[in-house]
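What follows is each chain in one-letter form.
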Amino acid sequence: MGFLKICVLRRNACTALCFWRNQIVEKPLVRKITTTSARSTVMPAWVIDKYGNNEVLRFTQNMMIPMIHYPNEVVIKVHAASINPIDVNMRSGYGATALNMKRDPLHIRIKGEEFPLTLGRDVSGVVMECGLDVKYFKPGDEVSHKPKSLTHTQAASLPYVALTAWSAINKVGGLNDKNCRGKRVLILGASGGVGTFAIQVMKAWDAHVTAVCSQDASELVRKLGADDVIDYKSGNMEEQLKSFKPFDFILDNVGGSTETWALNFLKKWSGATYVTLVTPFLLNMDRLGIADGMLQTGVTVGSKTLKHFWQGVHYRWAFFMASGPYLDDIAELVDAGKIQPVIEKTFPFSKVPEAFLKVERGHARGKTVIKVV
């Protein structure tokens, strides 16, 4: 995996991944321009030179240190990073069409010029350099005001899964700390990174949470606050859910066949919502190209939304959504002790391929983190 010891991040794109933002730093109108010394122009990194299985991961000592190209970017020295399932998928080429369009919207580059490519969503570290337009951070900030109660290793485990869950629950699902009390919530795939975070947010907002996971993860989700736990391996899920009262909100981290029956357990004609995080959006673009892929995606989500609307429930897709203000809200919950990072295993920087294999095997119990420094 391409976890760099130092990385460049744009504020508008990467605040959500790395920055815990809560204050504005006064900056002079004119700032000094510094250059990196010759002995510090390269750094160690894990990269890929082509898409494929775990063998494509390559360690190098000679990756060029990123430079600031735009005034809204910062350079961060990475202390810790975490691996998400999407990183494993992207190692194999998932989402390449959309990401290449973002990197090269005018199609100037030749196919394959994105390599060597670094992967990864989450980091925690120290700000080294800021672009001229950056107002919220200054050099020396510790991951720009991350929760004070967390170490870098803990902080690196949260942003991507936290903002993905927050997007699904709050932005798409419409739930918040003022309207969630007493709501009945069902979380499918509750023991992974997104699921363990979602349980804690829902309980912080006084919802009643039913968590679906395997038996060996039941103790973990109960400790996080789940009121009821269903073992999906112990019998037919539909039969088990028939003994429960209908739900106001369902968060689906599993996908596949679950959406064919899960919406039957929502309260009809009450505004109840099913939100899935498993969508064909990037896959459609990889398979059909940008235009046709987006068209197919629109047709799919539109038809499903209308179908379930006439049945008295809401069907929605959700995605990771970058947001500095949302991270501020999450940081407050963390420092208040209402949310804790759930880390299953930590690997040293030298063992990144092993960490990838761990995530690729699935059945996560929280997050997998890489300790870089």
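Residues numbered from 1 in each chain as written. Predicted model: local features only at pLDDT ≥ 70, side-chain atom pairs only at ≥ 80, totals over all residues. Heavy atoms only, no water.

### Here's the deal with the pairing of strand E10 (residues 273-276)
Thinking step 1. Covered by surrounding structure in E10 are Thr273 and Val275 together with Tyr274 and Thr276, the residues of both alternating faces.
Thinking step 2. The pairing of strand E9 (residues 249-252) with E10 spans four bridges and is classified as parallel. Note on E10: the bridge partner recorded for Phe249 is Thr273.
Thinking step 3. In the sheet, E10 pairs with strand E11 (residues 314-317) via four bridges, with the strands oriented parallel. Considered in E11, the bridge of Thr276 is made with Trp317. (Buried < 20%, exposed > 50% of the residue type's maximum accessible area, 1.4 Å probe, protein only. Helix = DSSP H or I, 4+ residues; strand = E, 2+ residues; numbered from the N terminus. Pairing = 2+ DSSP bridges.)

### Brief notes about a nonpolar patch on the surface
Thinking step 1. Together, Leu306, Phe309 and Trp310 make up an exposed nonpolar region whose accessible area comes to about 380 Å².
Thinking step 2. You can see Phe309 is positioned in helix H10 (residues 290-309).
Thinking step 3. For Phe309, a relative accessible area of 39% gives the class partly exposed. (Patch = residues over 30% accessible without salt bridge, like charges linked within 9 Å, V, L, I, M, F, W, Y side chains within 5 Å. Areas by Shrake-Rupley, 256 points an atom, 1.4 Å probe, with all protein chains shown as cover. Salt bridge = Lys/Arg side-chain N within 4 Å of Asp/Glu carboxyl O.)

### Concerning the sheet that holds strand E8 (residues 228-231)
Thinking step 1. The parallel open sheet is built from six strands, whose spatial order is E8-E7-E6-E9-E10-E11. Whereas interior strands pair on both sides, the edge strands pair on one side only; in this sheet they are E8 and E11. Going across the sheet, the axis of each strand differs from the next one's by a mean of 15 degrees, ignoring polarity.
Thinking step 2. Pairing of strand E6 (residues 184-188) with strand E7 (residues 208-213) involves five bridges; the strand directions are parallel. (Axes fitted to C-alpha atoms, helices over the stretch in contact; angles between N-to-C directions.)

### Topic: helix H11 (residues 324-335)
Thinking step 1. Along its 12 residues, H11 runs 16 Å from first to last C-alpha, staying within 8% of the 16 Å computed at 1.5 Å per residue.
Thinking step 2. Turning to H11, its buried residues are Gly324, Tyr326, Leu327, Asp328, Ile330, Ala331, Leu333 and Val334.
Thinking step 3. Capping the start of H11, Ser323 holds a side-chain oxygen 3.1 Å from the backbone nitrogen of Tyr326, two or three residues further along.
Thinking step 4. Count one or two residues on from H11 and you reach Gly337, which has phi positive near 80 degrees. (Expected span 1.5 Å × (residues − 1). Polar contact = N/O pair within 3.5 Å; in protein donor to acceptor, adjacent residues only side chain to side chain.)

### Some thoughts on the packing of aromatic side chains
Thinking step 1. Under the definition given, this model contains 11 aromatic pairs.
Thinking step 2. When the centroid spacing of 5.3 Å and the interplanar angle of 75 degrees are considered together, the rings of Trp166 and Trp205 count as edge-to-face. Of this pair, Trp166 sits in helix H5 (residues 159-172) while Trp205 sits in the loop between helix H6 (193-204) and E7, and the two are 39 residues apart along the sequence. Side by side, Trp166 and Trp205 carry an identical accessibility label, which is buried.
Thinking step 3. In textbook terms, an aromatic cluster arises when at least three aromatic residues are bridged by ring pairs, as seen for Trp46, Phe59 and Phe349. (Phe/Tyr/Trp six-rings, centres within 6.5 Å; stacked < 30°, edge-to-face > 60°.)

### A short note on the nonpolar core
Thinking step 1. In this structure, Phe197, Ile199 and Met202 are the most contacted members of the largest nonpolar core, which totals 44 residues.
Thinking step 2. Every element with two or more residues in this core is listed here: H5, E6, H6, E7, E9 and H11.
Thinking step 3. Ignoring any residue separated from it by four or fewer positions in sequence, one finds Met202 in contact with Ile169, Leu175, Cys180, Val185, Ala207 and Val209.
Thinking step 4. Ala81, Leu117, Tyr160 and Val352 belong to the second largest nonpolar core, which has 25 residues in total. (Core = buried A, V, L, I, M, F, W, Y, C linked by side-chain atoms within 4.5 Å. Contact = heavy atoms within 4.5 Å.)

### Overview of the packing of helix H9 (residues 281-288) against H10
Thinking step 1. Two elements in contact, H9 and H10, have axes whose closest approach is 7 Å; the angle formed by their N-to-C orientations is 140 degrees. By the angle between their directions, the pair H9 and H10 is classed as oblique. Seen along the crossing, H9 lies across H10 with a hand that is right-handed. Here H9 contributes Phe281, Asn284, Met285 and Leu288 to the contact with H10, which in turn contributes Ile290, Asp292, Gly293, Met294, Gln296 and Thr297.
Thinking step 2. Looking at the contact of H9 with H10, its residues break down into five nonpolar, four polar and one charged. (Parallel < 35°, antiparallel > 145°, perpendicular 65-115°, else oblique. Left-handed = near helix turned anticlockwise from the far one by under 90°. Nonpolar A, V, L, I, M, F, W, Y, C, P; charged D, E, K, R; others polar.)

### Quick notes on unusual backbone geometry
Thinking step 1. Of note, the amide linkage connecting Phe115 to Pro116 takes the cis form, showing an omega dihedral of -5 degrees.
Thinking step 2. Looking at the secondary structure, you find Pro116 in the loop between helix H3 (96-103) and strand E5 (122-130).
Thinking step 3. With phi around 70 degrees, Asp206 is a residue other than glycine that occupies positive phi space.
Thinking step 4. The exposure class of Asp206 is partly exposed, given its relative accessible area of 37%.
Thinking step 5. The backbone phi angle of His363 is positive, close to 55 degrees, even though this residue is not glycine.
Thinking step 6. Tracing the chain through its elements places His363 in the loop between helix H12 (352-360) and strand E13 (367-371).
Thinking step 7. Note on His363: relative accessible area 55%, which makes it exposed.

### Comments concerning the environment of Ser167
Thinking step 1. Within the element layout of this structure, Ser167 appears in helix H5.
Thinking step 2. Here Ser167 falls in the buried class, since its relative accessible area comes to 1%.
Thinking step 3. With 156 residues separating them along the chain, Ser167 and Ser323 place their C-alpha atoms 9.4 Å apart.

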